[in-house]
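The residues making up each chain are set out below.
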Amino acid sequence: MSDTTLNAAAFADPALCRGLLETLEAELDGPFRFMEVCGTHTVSIFRSGLRSLLPEGVIHLSGPGCPVCVTHDREIAAAMALAGRDGVTIATFGDLMRVPGPGGASLKSAKAEGAQVEIVYSPLDALALARREKDRTVVFLGVGFETTAPTVAATMRMARAEGLTNFAVLAFHKLVPPALDALLAESGGAAQGTGIDGFLLPGHVSTIIGVEPYRFMADRYHKPGVVGGFDPADILQSLILLIRMRKSKTPDIINQYSRAVSDQGNPRAREMLFEVFEASDALWRGIGLIRQSGLAIRDAYADYDARRRFSLELPDVPEIRGCKCGEVLKGRLAPDGCPLFGKTCTPASPVGPCMVSTEGSCAAYFKYGVEK
Ligand code: SF4
């Protein structure tokens, strides 16, 4: 097997996958627990059938890489408080509509009670809405990781260039590497071990940030990581690379997804991102405050910052009782280990955000079944 020379079409080829699976089985030297950081990987592992094909000893744990899942209850509560204000239209991606906030209420229920909440497919749609509805202020909910934040930044630049004053962003963007650092530090890192042997790192986020921001995982915590693509062969190849690094005791960060991710990422996108945003402390649902893990709008764009424009604080809210999303997002609990899974919590009636998003691990476990 060549680790880097396969072309894009080959990654869905069943014969290739069979060969990679055999290689993986041959090279596996004991139980191997890996964390797939990104929700897209979670879904791909289920949808492709990989979960049932992987050897018994290979265990996958989901990580904090579903942006909807990690949006904090207090952030949802702030968005709902804003939705109730006169003259405000909230523009949001559809996934966020059903994320439970305080008392199980959501943006969807707020809309049913008369709040102006519109589903959009991109921040540019929100900008178009602002152009059409000049008598209202359109507030786009900025949720997502390094992948989506540059587009939001570009939209804010456009709004300013046009002199559009009825557009703002409620920014709850989050950064992946600080969350991984917090996760590894919390569990004692190299000293105590996380129970995780390697990390399947997010392909989409890495198109922006590149490979180096993960280097600390190998250097400080001695954990190998592979930036992987999303086809089954990508995932299998990434797992083989992780297993080899564990075996040789040479933890490193490898870019398996080089057909889409350059080691340097996308400097132009980062430049745009950091022209508008700066790193700030952020709340992650079920995890808590992680230093420098979010993106706040810079002073130069304060006019487009909904938090400042509406003097919005994050309200205190009681935790959702019984929801174990935090444990799931830290890889400490499989979704079916939550007592509410499939009982009071289903995709039709979600108790927590991990059951709402199509990329949430609870939703994936429910949709594709949990048997191996
Ligand atoms: S099954 Fe539902 S309640 Fe349990 S952790 Fe997942 S989202 Fe939360």
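Worth saying up front: this structure is predicted, and the values here are computed from it rather than measured.

### Re the overall build of the chain
Logical step 1: A tally of regular secondary structure across the chain gives 17 helices and 11 strands.
Logical step 2: Judged by the C-alpha coordinates and their principal axes, the chain covers about 65 × 45 × 40 Å.

### Structural notes on the site of the ligand
Logical step 1: Around the ligand lies a shell of 15 residues, among which Cys 323, Cys 338, Cys 345, Gly 352 and Cys 362 are the nearest.
Logical step 2: Here the residues of the shell around the ligand are counted per class, giving 12 nonpolar, 2 polar and 1 charged.

### Topic: the pairing of strand β7 (residues 198-201)
Logical step 1: Across the two faces of β7 the burial is the same, with Gly 198 and Leu 200 and Phe 199 and Leu 201 all buried.
Logical step 2: Two elements, strand β1 (residues 32-38) and β7, share 3 bridges in a ladder whose sense is parallel. Among the inter-strand pairings, Glu 36 is bridged to a residue of β7, identified as Leu 200.

### Here we look at the sheet that holds strand β5 (residues 137-142)
Logical step 1: Taking strand neighbours across the sheet as the criterion, the 4 strands line up as β4-β3-β5-β6 in an open arrangement whose pairing is parallel. This sheet does not close on itself; its edge strands, each paired only once, are β4 (116-119) and β6 (167-171). Ignoring strand direction, the axes of neighbouring strands in this sheet form an average angle of 30°.
Logical step 2: Of the strands in this sheet, β3 (88-92), β4, β5 and β6 are in contact with helix α7 (residues 123-132), which crosses β5 at around 170°.

### Focus: helix α8 (residues 149-162)
Logical step 1: Taking 1.5 Å as the rise per residue, α8 with 14 residues should run 20 Å; its terminal C-alpha atoms sit 20 Å apart, in good agreement.
Logical step 2: For α8, every residue scored as buried is listed here: Ala 149, Pro 150, Val 152, Ala 153, Thr 155, Met 156 and Ala 159.
Logical step 3: Gly 163 occupies a position one or two residues after α8 and carries a positive phi of about 75°.

### Some details on the environment of Gly 101
Logical step 1: The residue Gly 101 is located in the loop between β3 and α6 (107-112) in this model.
Logical step 2: Given 25 C-beta atoms within 10 Å, Gly 101 falls into the buried group.
Logical step 3: Taking the C-alpha atoms as reference, Gly 101 lies 24 Å from Ile 297; in sequence the two are 196 residues apart.

### Side note on the nonpolar core
Logical step 1: If you look at the biggest cluster of nonpolar residues, it comprises 114 residues, and the most contacted ones within it are Ala 79, Ile 90, Val 139 and Val 169.
Logical step 2: Per-element accounting of this core gives the leading share, 9 residues, to helix α13 (residues 232-248).
Logical step 3: Setting aside anything within four residues of it in sequence, one finds Ala 79 in contact with Ile 90, Leu 107, Leu 141 and Leu 170.

### A closer look at the pairing of β4
Looking down a regular strand, the side chains alternate between one sheet face and the other.
Logical step 1: Here β3 pairs with β4 via 4 bridges, running parallel. Paired with Thr 89 across the strands is Gln 116, a residue of β4.
Logical step 2: With α6 bridging β3 and the parallel β4, this β-α-β connection has right-handed handedness.

### Some points on the confidence of the model for the chain
Logical step 1: Averaged over the chain, the pLDDT score is 91; the fraction of residues at 70 or greater is 94%.
Logical step 2: Of the regions scoring below 50 in pLDDT, residues 1-5 engages in 5 contacts with residues more than four places distant in sequence or in other chains.
Logical step 3: Here residues 189-193 is modelled with pLDDT under 50, and outside its nearest four sequence neighbours on either side it reaches 7 contacts, counting other chains as well.

### Thoughts on the environment of Met 217
Logical step 1: Position of Met 217 relative to the elements: it lies in helix α12 (residues 215-219).
Logical step 2: As for Met 217 and Asp 181, which are separated by 36 residues in sequence, their C-alpha atoms are 7.3 Å apart.
Logical step 3: Met 217 has contacts with Leu 180, Leu 184, Phe 199, Lys 223, Gly 225 and Ile 253, leaving out every residue within four places of it along the chain.

### Brief notes about the sheet that holds strand β9 (residues 253-255)
Logical step 1: Taken together, 5 strands build an open sheet; the order of strands is β2-β1-β7-β8-β9 and the sheet is parallel. Of all the strands in the sheet, just β2 (58-65) and β9 have a single pairing partner and so form its edges. Between one strand axis and the next, the sheet turns by 20° as a mean value, whatever way the strands run.
Logical step 2: Contacts from helix α2 (residues 39-47) reach β1, β2 and β7, with the element oriented near 120° to β1.

### Here we look at α13
Logical step 1: For α13, which comprises 17 residues, the first-to-last C-alpha distance of 24 Å matches the rise-based estimate of 24 Å (1.5 Å per residue) to within 8%.
Logical step 2: Within α13, 13 of the 17 residues are buried, which leaves it mostly tucked inside the rest of the structure.
Logical step 3: With its phi angle positive at about 55°, Lys 249 sits one or two positions after the end of α13.

### Notes on the packing of α2 against helix α17 (residues 361-368)
Logical step 1: One can describe the packing of α2 onto α17 by two numbers: an axis separation of 9 Å at closest approach and a directional angle of 10°. Here α2 is positioned roughly parallel relative to α17, judged by the angle of their axes. For the pair α2 and α17, contact is made by Thr 42, Val 43, Phe 46 and Arg 47 and by Ser 361, Ala 364 and Tyr 368, respectively.
Logical step 2: Classifying every residue of the contact of α2 with α17 by side-chain character gives 4 nonpolar, 2 polar and 1 charged.

Criteria and cut-off values
Residues numbered from 1 in each chain as written. Predicted model: local features only at pLDDT ≥ 70, side-chain atom pairs only at ≥ 80, totals over all residues. Helix = DSSP H or I, 4+ residues; strand = E, 2+ residues; numbered from the N terminus. Near = placed C-beta within 6 Å. Nonpolar A, V, L, I, M, F, W, Y, C, P; charged D, E, K, R; others polar. Buried ≥ 20, exposed ≤ 12 C-beta atoms within 10 Å, placed from the backbone. Pairing = 2+ DSSP bridges. Axes fitted to C-alpha atoms, helices over the stretch in contact; angles between N-to-C directions. Contact = placed C-beta atoms within 7 Å. Expected span 1.5 Å × (residues − 1). Core = buried A, V, L, I, M, F, W, Y, C linked by C-beta atoms within 7 Å. Right-handed = clockwise from strand over helix to strand, strands pointing away. pLDDT = per-residue confidence, 0-100. Parallel < 35°, antiparallel > 145°, perpendicular 65-115°, else oblique.

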